[in-house]
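Spelled out from the first residue to the last, the chains are:
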Amino acid sequence: LYLHGLIGKGGIRECYRHPFRKDKCVKIAQKKEWIPELLREAQTAQLIAPYLNDFIIDYDNELVETNKGPGLVCTLVCDDRGGPAPTLGTFLQRGNSISQVERQLNSFINRLISCDIFFYDLNLGNFVVTGSHPKSKKLFFIDLKSLHKNGYLGFLKMERYIAPLARIIMFRRIRRLYRSFGLQFPMDELCRKKMLSSFWVTIR
């Protein structure tokens, strides 16, 4: 594939429009050593699709060759004009209210907690919002490479294996997310019930 329509750029990837399919984009690793992260994201999508299918996009299982290097093809979430849907951060900066996607956010977070799916990078750039009417807004989580990635340089990283440690980290970051919106966190009781419900991380 010959890629030229840059959509966005993150810490380790660039995202381009698919040259032949308007509903697809291609993610490219900015450095050769980061290419395995693309494969990891595709594998993660397969792993968690039964739990989060309403909130994640579709990914191809294999990488494709492009003029920018190996790329991962996935669904492009579009706005009403056919352009890339805004991130949650951009959506709010445009004057929209978090209340328009609060129900979707609660459902997504409830699913993470209930199913022990440990995502830690819950920043606003990892969500996109689509839909024209306030009551039809749809929230997608688009950065699956952050599964089990705590983001610190510790050696043991025991939260990858011990579920209560993983829950402590994820619950803290979820509460921080809700505070950033000025929202009351509605799942304290669920967090208490889940905290010691099992010892080992099973979805990995």
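Scroll up for the structure.
One structure accompanies this document, and this report is about it. (Residues numbered from 1 in each chain as written. Predicted model: local features only at pLDDT ≥ 70, side-chain atom pairs only at ≥ 80, totals over all residues. Heavy atoms only, no water.)

In this section: the overall build of the protein. The helix and strand inventory of the protein stands at five helices and six strands. Put simply, the protein runs from its N terminus to its C terminus through helices and strands in the order β-β-β-α-β-α-α-β-β-α-α. For the protein, the C-alpha radius of gyration of 17 Å lies close to 17 Å, the compact-globule estimate for 204 residues. In the protein, which comprises 204 residues, the proportion classed as buried is 45%. Sequence separation of 24 or more characterises 63% of the internal contacts of the protein that already satisfy a separation of 6 or more. (Helix = DSSP H or I, 4+ residues; strand = E, 2+ residues; numbered from the N terminus. Rg over C-alpha atoms; globule rule 2.2 N^0.38 Å. Buried < 20%, exposed > 50% of the residue type's maximum accessible area, 1.4 Å probe, protein only. Contact = heavy atoms within 4.5 Å.)

Judged by side-chain polarity, Leu156, Met158, Tyr161, Leu165, Ile168, Phe199 and Trp200 come together as a nonpolar surface patch covering roughly 720 Å² of accessible area. Judged by relative accessible area, Leu156 falls into the exposed class, the value being 57%. (Patch = residues over 30% accessible without salt bridge, like charges linked within 9 Å, V, L, I, M, F, W, Y side chains within 5 Å. Areas by Shrake-Rupley, 256 points an atom, 1.4 Å probe, with all protein chains shown as cover. Salt bridge = Lys/Arg side-chain N within 4 Å of Asp/Glu carboxyl O.)

Here Arg13 shows up in strand β2 (residues 13-17). Those residues in contact with Arg13 that sit more than four places away from it in its chain are Lys27, Ile28, Ala29, Gln30, Leu38, Glu41, Asp143 and Lys145.

Orientation of helix α4 (residues 163-181) relative to helix α5 (residues 188-195), taken along the N-to-C sense of each, is 170 degrees, at an axis distance of 10 Å. As the angle between them shows, α4 and α5 are arranged roughly antiparallel. Each of Pro164, Arg167, Ile168, Phe171 and Arg175 in α4 lies in contact with α5, whose residues at this interface are Asp188, Cys191, Lys194 and Met195. Along the lines of polarity and charge, the residues of the contact of α4 with α5 split into five nonpolar, no polar and four charged. (Axes fitted to C-alpha atoms, helices over the stretch in contact; angles between N-to-C directions. Parallel < 35°, antiparallel > 145°, perpendicular 65-115°, else oblique. Nonpolar A, V, L, I, M, F, W, Y, C, P; charged D, E, K, R; others polar.)

With antiparallel pairing, four strands are arranged side by side in an open sheet as β1-β2-β3-β4. Each edge of the open sheet is held by one strand with a lone partner, namely β1 (6-9) and β4 (71-75). Looking at each pair of strands side by side, their axes are set apart by 25 degrees on average, direction ignored. In this fold helix α1 (residues 35-52) packs onto β2, β3 (24-29) and β4, with an angle of close to 140 degrees to the strand it touches most, β3. (Pairing = 2+ DSSP bridges.)

Attention shifts here to the pattern of salt bridges. Tallied over the entire structure, the rule returns twelve salt bridges. Lys27 is paired through a salt bridge with Glu41; the nearest N and O atoms lie 3.0 Å apart. In this pair, Lys27 sits in strand β3 while Glu41 sits in helix α1, placing the two residues 14 residues apart along the sequence. The pair Lys27 / Glu41 is uniform in exposure class, with both members buried. With a closest N to O distance of 3.2 Å, Glu37 and Lys149 form a salt bridge. Of this pair, Glu37 sits in helix α1 while Lys149 is found in the loop between β6 (138-141) and α4, placing the two residues 112 residues apart along the sequence.

The next point concerns unusual backbone geometry. Phi angles above zero are rare outside glycine, and Asp116 is one such case at about 55 degrees. Tracing the backbone shows Asp116 in the loop between α3 (102-115) and β5 (127-130). We classify Asp116 as buried; its relative accessible area is 9%. The backbone phi angle of His148 is positive, close to 65 degrees, even though this residue is not glycine.

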